[in-house]
Amino acid sequence: MDNDQQETFRRLLHAQRVWDTALPAFDPAAAPRAPLPLFHQWFAEAVAAGQPEPHTMTLATVDDQGRPDLRTLMLHDADERGWHFASHVTSTKGRQLAAHPEAALGFYWAAQGRQIRIRGRVTPAPATESQADLHARSTGALAAALTGRQSELLTSKEELARVSQAAWEQAQAEPDAPVPTWTRYALQPYEAEFFQGDARRQHVRLRYRREEDGWATELLWP
């Protein structure tokens, strides 16, 4: 990379601004005693604020050498069992979770200057629930799952087109086609942090920690 290109990038990077809008107030003293109700509230407020794709999140795992890995995927639910997502058990994240069943989730909702960080243990759902999760989704989602080769090396675009077309045809003809490797997961949190940005950088950070008899809360320095 030449110096001119590097300098152009730096000027562009440094010219970016964040939170060019009025940010909501957040009073941690009025927060619920558990993280799930607050997540539900903030999610609804993110949708109302026009946040694009508020149901997307970053999932972080570790590999066999303890090296971190992450990717963006969709939230399928958030209930008393945990925060739910799905993938192939044979995918990179599926294999990592099988070996190291703890992970972290991250949500960033720029429309309100908010982020949520959740850490916990991940457990797979029964096969019947996983298949029901898949068949409640779109034809395109089923077709993608039917390829069954997530994270494998791709030898050519032609191979992708051929396999994808066959999967689309099967998904349309068999909307209940089983995909044994498709697995729904739930991350049961032991820690959750809610971050409310502030234009003067006096950010509010409320952390929930699971204890034997419920949740403890504490404030963190920005």
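Residues numbered from 1 in each chain as written. Predicted model: local features only at pLDDT ≥ 70, side-chain atom pairs only at ≥ 80, totals over all residues. Heavy atoms only, no water.

**Student:** Sorry if this is basic, but what is going on with the environment of A78 here?
**Tutor:** Position of A78 relative to the elements: it lies in strand β3 (residues 77-79). A78 sits 108 residues away from A186 along the chain, and the two C-alpha atoms are 8.6 Å apart. (Helix = DSSP H or I, 4+ residues; strand = E, 2+ residues; numbered from the N terminus.)

**Student:** Please clarify how the pattern of salt bridges should be interpreted in this entry.
**Tutor:** For the structure on display, the rule yields 17 salt bridges. Linking D133 and R184 is a salt bridge whose minimum nitrogen-to-oxygen distance equals 2.8 Å. One end of the pair, D133, is in helix α4 (residues 127-135); the other, R184, is in strand β7 (residues 182-196), with 51 residues separating them in the sequence. An identical accessibility class is assigned to D133 and R184; each is buried. Between E218 and R209 there is a salt bridge, with the nearest N and O atoms lying 2.7 Å from each other. Within this structure, D77, D79, R81, E129, D133 and R184 form a network of salt bridges that share partners. (Salt bridge = Lys/Arg side-chain N within 4 Å of Asp/Glu carboxyl O. Buried < 20%, exposed > 50% of the residue type's maximum accessible area, 1.4 Å probe, protein only.)

**Student:** When you look at the layout of surface pockets in this model, what are you seeing that I'm missing?
**Tutor:** Picture a little ball the size of a water molecule; that probe, rolled over the atoms, points out where space is still empty. In this structure, the largest pocket encloses a volume near 500 Å³. If you go around the largest pocket, you meet 26 residues; those closest to its centre are H88, A144, A145, T147 and Q150. Elements with a minimum of two residues in the lining of the largest pocket: β2 (68-74), β4 (82-88), α5 (139-147) and α6 (157-173). Residue composition of the lining of the largest pocket, by class: 14 nonpolar, seven polar and five charged. What the second largest pocket holds in volume is close to 160 Å³. Along its surface, the second largest pocket is lined by T58, A60, L70, A104, L105, G106, R117, I118, R119, E191, A192 and E193. Counting residues per element, the ones that place at least two in the lining of the second largest pocket are β1 (56-62), β5 (102-109), β6 (114-124) and β7. Of the residues contributing to the lining of the second largest pocket, the split by class is six nonpolar, two polar and four charged. (1 Å grid on protein atoms, 1.4 Å probe; cavity = no way out; pocket = protein on both sides within 12 Å on 5 of 7 lines; lining within 4 Å. Points joined across faces, edges and corners; volume = space filled by probe spheres on them. Nonpolar A, V, L, I, M, F, W, Y, C, P; charged D, E, K, R; others polar.)

**Student:** What is the right way to read the pairing of β5 from this model?
**Tutor:** Both faces of the sheet carry side chains from a regular strand, because those side chains alternate between them. Burial along β5 is one-sided: A103, L105, F107 and W109 are buried, while E102, A104, G106 and Y108, pointing the other way, are not. Sheet analysis places β1 next to β5, joined by three bridges and oriented antiparallel. Within β5, the position partnered with T58 by the bridge is G106. Sheet topology note: the β5/β6 ladder contains eight bridges and is antiparallel. (Pairing = 2+ DSSP bridges.)

**Student:** What am I meant to see in the nonpolar core here?
**Tutor:** General note: in soluble globular proteins, nonpolar side chains tend to be found buried as a group. F39, W83 and F107 are the most contacted members of the largest nonpolar core, which totals 28 residues. At the level of secondary structure, the elements contributing two or more residues to this core comprise α2 (35-48), β1, β4, β5, β6, β7 and β8 (204-211). Excluding its chain neighbours within four sequence positions, the residues that come into contact with W83 are L36, F39, L75, D77, A78, L105, F107, I118, Y185, A186, L187 and P189. Core analysis: the next-biggest nonpolar cluster, separate from the first, contains 11 residues, A86, L146, A167 and A171 among them. (Core = buried A, V, L, I, M, F, W, Y, C linked by side-chain atoms within 4.5 Å. Contact = heavy atoms within 4.5 Å.)

**Student:** So what exactly am I meant to see when it comes to the side chain of E191 here?
**Tutor:** With respect to the element layout, E191 can be found in strand β7. Residue contacts for E191: discarding those within four places in its chain leaves R117, I118, R119, R207, Y208, R209 and W215.

**Student:** Help me out: how do you make sense of the environment of F39 in this one?
**Tutor:** With respect to the element layout, F39 can be found in helix α2. With 150 residues separating them along the chain, F39 and P189 place their C-alpha atoms 12 Å apart. Excluding anything up to four places from it in sequence, F39 contacts L75, A78, W83, F107, W109, I116 and F194.

**Student:** Quick question: what am I supposed to make of the packing of aromatic side chains here?
**Tutor:** A complete count under the given rule lists 11 aromatic pairs for this structure. Measuring from centroid to centroid gives 5.1 Å for F26 and W42, while their planes differ by 75 degrees, and the two rings are edge-to-face. Taken as a pair, F26 in the loop between α1 (3-14) and α2 and W42 in helix α2 lie far apart in primary sequence, 16 residues in all. Of the two residues, F26 and W42, neither departs from the other in class, the shared state being buried. (Phe/Tyr/Trp six-rings, centres within 6.5 Å; stacked < 30°, edge-to-face > 60°.)

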